[in-house]
Amino acid sequence: MKVYRLLTEDDTSAFCHKVSDALSKGWELYGSPTYAFDQANGVMRCGQAVTKDIDTPYSPDMKLGQQ
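Residues numbered from 1 in each chain as written. Predicted model: local features only at pLDDT ≥ 70, side-chain atom pairs only at ≥ 80, totals over all residues. Heavy atoms only, no water.

Enquirer: If you had to explain the pattern of salt bridges to someone new, which residues and values would you point to?
Expert: Counted by the stated rule, this structure contains 4 salt bridges. A salt bridge links Lys18 to Glu9; the shortest N-O distance between them is 3.2 Å. Classification of Lys18 as partly exposed rests on a relative accessible area of 31%. Arg45 is the partner of Asp10 in a salt bridge, and the nearest nitrogen-oxygen pair spans 2.7 Å. A residue pair is termed long-range when its members are at least 10 positions apart, and Asp10 in strand 1 (residues 2-10) and Arg45 in strand 3 (residues 43-53) qualify at 35 residues. Here Arg45 falls in the partly exposed class, since its relative accessible area comes to 27%. (Salt bridge = Lys/Arg side-chain N within 4 Å of Asp/Glu carboxyl O. Buried < 20%, exposed > 50% of the residue type's maximum accessible area, 1.4 Å probe, protein only. Helix = DSSP H or I, 4+ residues; strand = E, 2+ residues; numbered from the N terminus.)

Written out as structure tokens, the structure is:
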């Protein structure tokens with residue numbers, strides 16, 4: 001079973017740490033990162049999709065970040 005997450009964060013080092021943490025837990029980059037202006041909050045935001053193969057069946061209740 002493969003699960004998918006979209007990591008997002010303001011354009012700060014926190015985004016890089018979030019992605020690095022996911023990679024250290026076995027998640028793999030999926031596609032290219034994205035970068036856009038969040039007009040409502042007046043900041044640049046980053047996004048990166050990641051996937052991971054897991055042994056447990058998918059459930060909408062599972063906490064993806066804990067996989």
